[in-house]
Amino acid sequence: MKRAGRPLYERGQFRALDCRRDQCSNHGNCVFAKERKGDLGICRCDEDYYGSNCQIYASPASCPRTWVRNGGSLYCISHGILKLGWIGANARCQAVSTTLVAIETQEEHDFLIAEIAKVTGNKNNFWTSGRSPNDDNNWIWTATGQPLSYDGWDSGEPNQVGNGNANCLGLFETAYLFSDVICDISAYNEFHGYICEMAAP
C-alpha cells in the first residue's frame, strides 16, 4: 500500500512504501528494486530524463548526454525505452529545435551505424525523417524535403508500400539498413529509438 509522507532518500532511492510519482520529479516511477536489500525503491525515469530523481531533462546540449559530430551535422541518438511512433519521434526532435535524421550518403550511414553500436550494442530500432507521404514508393526526407538519392535499402525493401500505412523509413537492428515501417507504433511490440540531426555550428 502506498502512503503519504516525507520520502526517505538514500542516493536517489526511497522506501518502497513511500513510492509516489512526484518523488521522481513527475518524470518517472519509483519502483521496488528487488536486487537491493530492505524495502527501498528506485526511480525509473521517463525517456529524455535522467538523474537519481529523474530531475534532469536531456536538453539539446545533453541529448541523450552528448551530441556526436560528423561533417557539418550533429546527431543525437536516443535509444528506445518507449513504444514510440514516427509522429512522436518527430515531435521529440522538433521540441529541441532539430529534425529527424536524413541519411544522404553511404559515409553518413556508416558513421551512424557505428555510433548506434556504441550506444545500444545493436539492440534497437530507429526512426528517420524518411517518408512516402502518398504511399506510392516515392520517398523523401521530411527534414529537407528532398527525395532519397542514396540507396540504403535492405534486400527486398521497401516491401510494404501500398498497404496504406507503411510509409515511414526506419533502421532495424542489427544491420540498420533502410526498411519501410508502419508509422503507428501500435502495430509493433518492439521499442523504437530515433535519431535527431542539426547543423553543426
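Only a predicted model underlies this, so the values are computations on that prediction, with no experimental measurement involved.

Peer 1: How would you summarise the pattern of salt bridges if you had to cite specific residues and measurements?
Peer 2: Tallied over the entire structure, the rule returns one salt bridge. Residues E115 and K118 are paired through a salt bridge, measuring 3.0 Å at the closest nitrogen-oxygen approach. Within this pair, E115 and its partner K118 are both found in helix α2 (residues 106–120), separated by three residues, close to a single helical turn. A residue is classified by how much of its surface remains accessible, and E115, at 11% relative accessible area, is buried. Exposure remark for K118: the relative accessible area of 64% places this residue in the exposed category.

Peer 1: Which residues make up the nonpolar core, and what are the values?
Peer 2: Formed by 18 residues in total, the largest nonpolar core has its most connected members in I103, L112, I116, F126, L171, F178 and I195. Those elements that place two or more of their residues in this core are β7 (73–78), α2 and β12 (168–171). Here the element with the most residues in this core is α2; it accounts for three residues. Apart from the residues within four sequence positions on either side, L171 is in contact with I103, H109, I116, N124, N125, F126, T128, Y176, L177, F178 and I195. Formed by 15 residues, the second largest nonpolar core is a distinct cluster that contains L84, W127, V181 and C196.

Definitions and cut-offs
- Residues numbered from 1 in each chain as written.
- Predicted model: local features only at pLDDT ≥ 70, side-chain atom pairs only at ≥ 80, totals over all residues.
- Heavy atoms only, no water.
- Salt bridge = Lys/Arg side-chain N within 4 Å of Asp/Glu carboxyl O.
- Helix = DSSP H or I, 4+ residues; strand = E, 2+ residues; numbered from the N terminus.
- Buried < 20%, exposed > 50% of the residue type's maximum accessible area, 1.4 Å probe, protein only.
- Core = buried A, V, L, I, M, F, W, Y, C linked by side-chain atoms within 4.5 Å.
- Contact = heavy atoms within 4.5 Å.

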